[in-house]
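If you want the building blocks of each chain, they are given just below.
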Amino acid sequence: LGASQELVLFMFLTSLTAAADVILTRKLGVARRMLSTPTSTVTIVAGEVAGRFGVALIQGVYIMVGTLLIFGVNWGDPLGAIAILVMFALVGAGAAMLSGALFRNEQQAGGIGVLLGLGLAAIGGSMVPIELFPEAMKTVAHFTPHFWAVSAFADLVRRDGGFLDILPQLGVLAAF
């Protein structure tokens, strides 16, 4: 039951550590050199986002398939589980790009990124089941993407839901 919580935690942490690569690209002048080519800014940014998305998605798939094959973890409806995985990889990629744009150096991104990633995961129910939270913390948890991903997985696994049952959570993840 806790596999989905760990999946969300580690996908987000890995994504935030990828922010250091965005900063390094900027520091080394690679971004400036790419902009001097006929390649559009949208294409360059889309490539950066796609790289972060790909890393998060591959990690998520690896964890899902590995836990399914080795430990027999039930991920629920496959279509729903894949949808959550893709949406959360997009959230992670967005967080990495935002961190890469806000922080000045890799050390800031690494230190604050880990703190932020662990903090959001703790508040969002990735470390302790949300059912154990006091009511006030449950309300605060709704402001994290982790809560929505964990909630969607709970609907699939514990409530035997399907893709249509998790559409509200997917919508909120899309907004993040």
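Everything that follows concerns the structure shown earlier in this document.
The notes below deal with the structure included here. Just so we're clear, the structure is a prediction, and the values are computed from it rather than from any experiment.

Conventions and cut-offs
Residues numbered from 1 in each chain as written. Predicted model: local features only at pLDDT ≥ 70, side-chain atom pairs only at ≥ 80, totals over all residues. Heavy atoms only, no water. Helix = DSSP H or I, 4+ residues; strand = E, 2+ residues; numbered from the N terminus. Rg over C-alpha atoms; globule rule 2.2 N^0.38 Å. Buried < 20%, exposed > 50% of the residue type's maximum accessible area, 1.4 Å probe, protein only. Lys, Arg positive; Asp, Glu negative; His and termini not counted. Charge placed at Lys NZ, Arg CZ, Asp CG, Glu CD. Core = buried A, V, L, I, M, F, W, Y, C linked by side-chain atoms within 4.5 Å. Axes fitted to C-alpha atoms, helices over the stretch in contact; angles between N-to-C directions. Parallel < 35°, antiparallel > 145°, perpendicular 65-115°, else oblique. Left-handed = near helix turned anticlockwise from the far one by under 90°. Contact = heavy atoms within 4.5 Å. Nonpolar A, V, L, I, M, F, W, Y, C, P; charged D, E, K, R; others polar. Phe/Tyr/Trp six-rings, centres within 6.5 Å; stacked < 30°, edge-to-face > 60°. Salt bridge = Lys/Arg side-chain N within 4 Å of Asp/Glu carboxyl O.

## Details of the overall build of the protein
Helix and strand counts for the protein come out as nine helices and zero strands. Overall, the protein shows an N-to-C arrangement of helices and strands of α-α-α-α-α-α-α-α-α. A globule of 176 residues ought to have a C-alpha radius of gyration of about 16 Å, and the protein, at 17 Å, matches this closely. Out of the 176 residues in the protein, the part that is buried amounts to 41%. Each charge sign in the protein was given a centre, from 9 positive and 10 negative side chains, and these centres are 17 Å apart.

## Re the nonpolar core
Core analysis: the largest hydrophobic core is formed by 31 residues, its most contacted members being I84, F88 and F153. For this core, the elements supplying multiple residues, two or more each, are α1 (3-17), α4 (41-71), α5 (78-102), α8 (145-157) and α9 (167-175). Ranked by the residues each element gives to this core, the list is headed by α5, at nine residues.

## A look at the packing of α1 against α5
Running from N to C, α1 and α5 point in directions that differ by 30 degrees, and their axes come no closer than 8 Å. Regarding the angle of α1 to α5, the classification is roughly parallel. Crossing angle aside, the handedness with which α1 passes α5 is right-handed. Counting all contacts with α1, which are made through L7, V8, M11, F12, S15 and L16, the residues of α5 involved are L85, F88, A89, V91, G92, A93, A95, A96 and S99. By residue class, the composition of the contact of α1 with α5 is twelve nonpolar, three polar and no charged.

## Examining the side chain of S15
If you trace the backbone, S15 turns up in helix α1. When its relative accessible area of 4% is taken as the criterion, S15 is described as buried. The contacts of S15, once residues within four sequence positions are left out, are A56, G92, A93 and A96.

## Quick word on the packing of aromatic side chains
Taken as a whole, this structure holds three aromatic pairs when the rule is applied. Look at F12 and F88: their rings are 6.0 Å apart centre to centre, the planes differ by 45 degrees, and that puts the pair in the tilted class. With F12 in helix α1 and F88 in helix α5, this pair connects stretches of sequence that are 76 residues apart. Taking relative accessible area as the criterion, F88 reaches 2% and is therefore assigned buried. Considering the side-chain rings of W75 and F153, the 5.4 Å spacing of their centres and the 65 degrees angle between planes classify their relative orientation as edge-to-face. Note that W75 is positioned in the loop between α4 and α5 and F153 in helix α8, a separation of 78 residues in sequence.

## Thoughts on the pattern of salt bridges
Within this structure, the stated rule accounts for five salt bridges. For E106, the salt bridge goes to K27, with nearest N and O atoms at 3.1 Å. Here the residue E106 occupies a position in helix α6 (residues 106-124), and K27 occupies one in helix α2 (residues 19-27), the gap between them amounting to 79 residues. R159 is paired through a salt bridge with D155; the nearest N and O atoms lie 2.7 Å apart.

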